[in-house]
Amino acid sequence: KNKIDELEIMAAGQIIKDGGLVAFPTETVYGLGADALSEVGARKIYEAKGRPSDNPLIVHIADRSALEEIVVHMPAETEDLMERFWPGPLTMIFEKSEKVPYGTTGGLNTVAVRMPDDLIARALIIAGGGFIAAPSANTSGRPSPTTAQHVADDLSGKIEMIIDGGSVEIGLESTILDMTVKPPMILRPGAITKEMIEKVIGEITMDQTITNTQSMEHPKAPGMKYRHYAPKAQMIIVEGEMSVAVKAIKQIAFSQVRFGKQVGIIATNETADQYTTGIVKSIGARDNEQSIAKNLYRVLREFDEEMVDYIYSEAFAIKGIGYAVMNRLEKAAGHQIVQAIDIVKTQPFSKIIFVSYNDNSRGPMAAELLRHQELIQEYDIESRGLIALFPEPANPKTEAIMKSQKMTLCNHKAKKLEESDLKEDTLILAMDETVRWKIVTDFEYIKNVYSLGEYAEDTTKIPSVYGQSLAEYGELYEKIKILIEKLANKINDETKKHEKR
Ligand code: TXA
Ligand code: MG
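Residues numbered from 1 in each chain as written. Chains lettered and ligands numbered in written order. Predicted model: local features only at pLDDT ≥ 70, side-chain atom pairs only at ≥ 80, totals over all residues. Heavy atoms only, no water.

A. Up close: the pairing of strand β10 (residues 185-188). Of the pairings in the sheet, the one linking strand β9 (residues 175-178) to β10 comprises 3 bridges and is antiparallel in character. Opposite L177, over in β10, you have I186 as the bridge partner. Connecting β9 to the next strand, β10, in antiparallel fashion are 6 residues. Examined bridge by bridge, β10 and strand β11 (residues 205-206) share 2 bridges and lie parallel to one another. Across the sheet, the residue bridging to I186 is M206, located in β11. Crossover β10 to β11 through helix α8 (residues 194-201) is right-handed. (Pairing = 2+ DSSP bridges. Helix = DSSP H or I, 4+ residues; strand = E, 2+ residues; numbered from the N terminus. Right-handed = clockwise from strand over helix to strand, strands pointing away.)

Written out as structure tokens, the structure reads:
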């Protein structure tokens, strides 16, 4: 990786000069290169990518003197911007000189120019004659490639050569800055942010269509109007505070999986292990937007291969390159964004806790029985005791009965009910009336506290059988089982009522 193979570069340069196509790494994404000064090269690019030919290409150069040959009327700020950001992930648009054919600029009188930082890219530009037109090396409509394998997956057999430079550094396309307007305007956000540019040349503007997706105007960069970066699955971004977003995604993922759909989840290192359904992929660390930028397109491509029907993605901080990440993510989702809180509030409860005295027999039994019911919504199901002095395992007779029914409580450890267990989203079910009464008198927060019989609308008593024979534990099991079946029906009915609304 990043070691330059001189012979390979020479061969690649010759292909470009002869009018052929070479895919090559840059620090942003892989590019599909052709001679920028020949109409033929541009036409081949459009053909290979299946890209509309009104979508102009970026001309890549390796030194500043090349710029003067292909543009006219460079505004004064250009010098400072080149000094600060070139070589690097900044593309600037100028009025084009006669040297640049309209085939390269999609018929426009302006030309986009970028000087990449990647060593292979720079060597290839020089070997290829100094001016390489290169869009991202993907099939039009697919996520941009960040590895040579991605390029091969899309374009193998359609182009002359692919130079493998390993994984790219940034993972998102360059920032595009239109220098033909005053003040300059960002047409596509990238690793070089608005703030970074403003530190060099003062206030600039941002194409309104980037932030305002409702806008009726066409984006200024023709390529931004297409539904780029689109995964095959329907994609939805779930916005909101981290824990609420996780809850909401779990909820919608569970309901799709229930209908037999394949679900992919774009999570972060901080949240990935909280999901229980779907194919979960961590895209990076929340406090490191760069890591998220780097993995975004790879993850979208993987979900394409896995043929998921839906992709649910967390939203990310819009600071630094995070702004560009969210821009690409929103495009991939066709601007389908939902608020986590709106989803979470459609589900009456997300957690159910059974409470008994010692949390070693009736409660754990009820919890395990409920876990084995067909529920149309996902719940955290747990048990607690009013007095649980140490993490005692389940009662041996209870465990024997459970085993005979092909279940087990072998991992159970008794836990005491705490104030923090009583929450808005938690349904507390006491194993008998006395336990319920104790909870209601001992704790301050007493919403959603019922006895199991009361909630399941069945008056069967479920007394503690502590110290009695195995047969009595067996009878206890049968009683609890009937109540749990009624409970399952009731909570399923409630979910259905909510779904209808
Ligand atoms: O990071 C990058 O910029 C990568 C690597 C390969 O350098 N290239 C890239 O190219 O992303 P492409 O073709 O996928 O995107 C170029 C964008 C398109 O949205 C296009 O419409 C816009 O730049 N563009 C090019 N020339 C333009 C012009 N003269 N006026 C307005 N927009 C222009
Ligand atoms: Mg592209």
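B. Main features of the nonpolar core. Ranked by size, the top nonpolar core spans 45 residues in total, and within it L32, I61, W86, M92, V113, L177 and I197 carry the most contacts. If you list the elements that add at least two residues to this core, you get β2 (31-35), α2 (39-49), α3 (64-70), α4 (78-85), β5 (90-96), β6 (110-114), α7 (148-155) and α8. Residue contributions to this core peak at 4 residues, all from α2. Counting residues in each nonpolar core, the second largest holds 33 residues, with A456, I462, Y477 and I480 among its members. (Core = buried A, V, L, I, M, F, W, Y, C linked by side-chain atoms within 4.5 Å. Buried < 20%, exposed > 50% of the residue type's maximum accessible area, 1.4 Å probe, protein only.)

C. Focus on the sheet that holds strand β13 (residues 263-267). Spatially, β14-β13-β15-β12-β16 is the arrangement adopted by the 5 strands of the open sheet, whose pairing is parallel. The open sheet has two edge strands, β14 (279-282) and β16 (337-339), and neither has a second partner. Going across the sheet, the axis of each strand differs from the next one's by a mean of 25°, ignoring polarity. As defined by bridge partners, β13 adjoins strand β15 (residues 310-314) across 4 bridges and the pair is classed as parallel. Each residue of the ladder has a partner; that of G264, found in β15, is I311. The strands that helix α10 (residues 242-258) touches are β12 (234-239), β13 and β15; relative to β15, the one it contacts most, it runs at about 175°. Where helix α12 (residues 322-332) meets the sheet, its contacts fall on β12, β15 and β16, and the angle it forms with β12 comes to roughly 135°. (Axes fitted to C-alpha atoms, helices over the stretch in contact; angles between N-to-C directions. Contact = heavy atoms within 4.5 Å.)

D. The side chain of D458, seen in detail. Assignment of secondary structure puts D458 in the loop between α17 (452-456) and α18 (470-500). Overall, the relative accessible area of 11% leaves D458 in the buried class. At a separation of 2.4 Å, a polar atom in the side chain of D458 contacts the side chain of T460. With residues up to four places along the chain from it excluded, the contact list for D458 reads G453, I482, L483 and K486. (Polar contact = N/O pair within 3.5 Å; in protein donor to acceptor, adjacent residues only side chain to side chain.)

E. Layout of the site of ligand 1. Around ligand 1 sit 29 residues in total, of which T28, N55, H60, S174 and G223 are the nearest. One of the side-chain N or O atoms of R51 is found 2.8 Å from an oxygen atom in ligand 1. Side-chain polar atom of R188 to an oxygen atom of ligand 1: 2.9 Å apart, as the coordinates give it. Against a free-state accessible area of 680 Å², the protein chains account for coverage of 98% of ligand 1. Elements with a minimum of two residues in the shell around ligand 1: β3 (58-60), β6 and β10. (Near = heavy atom within 4 Å. Areas by Shrake-Rupley, 256 points an atom, 1.4 Å probe, with all protein chains shown as cover.)

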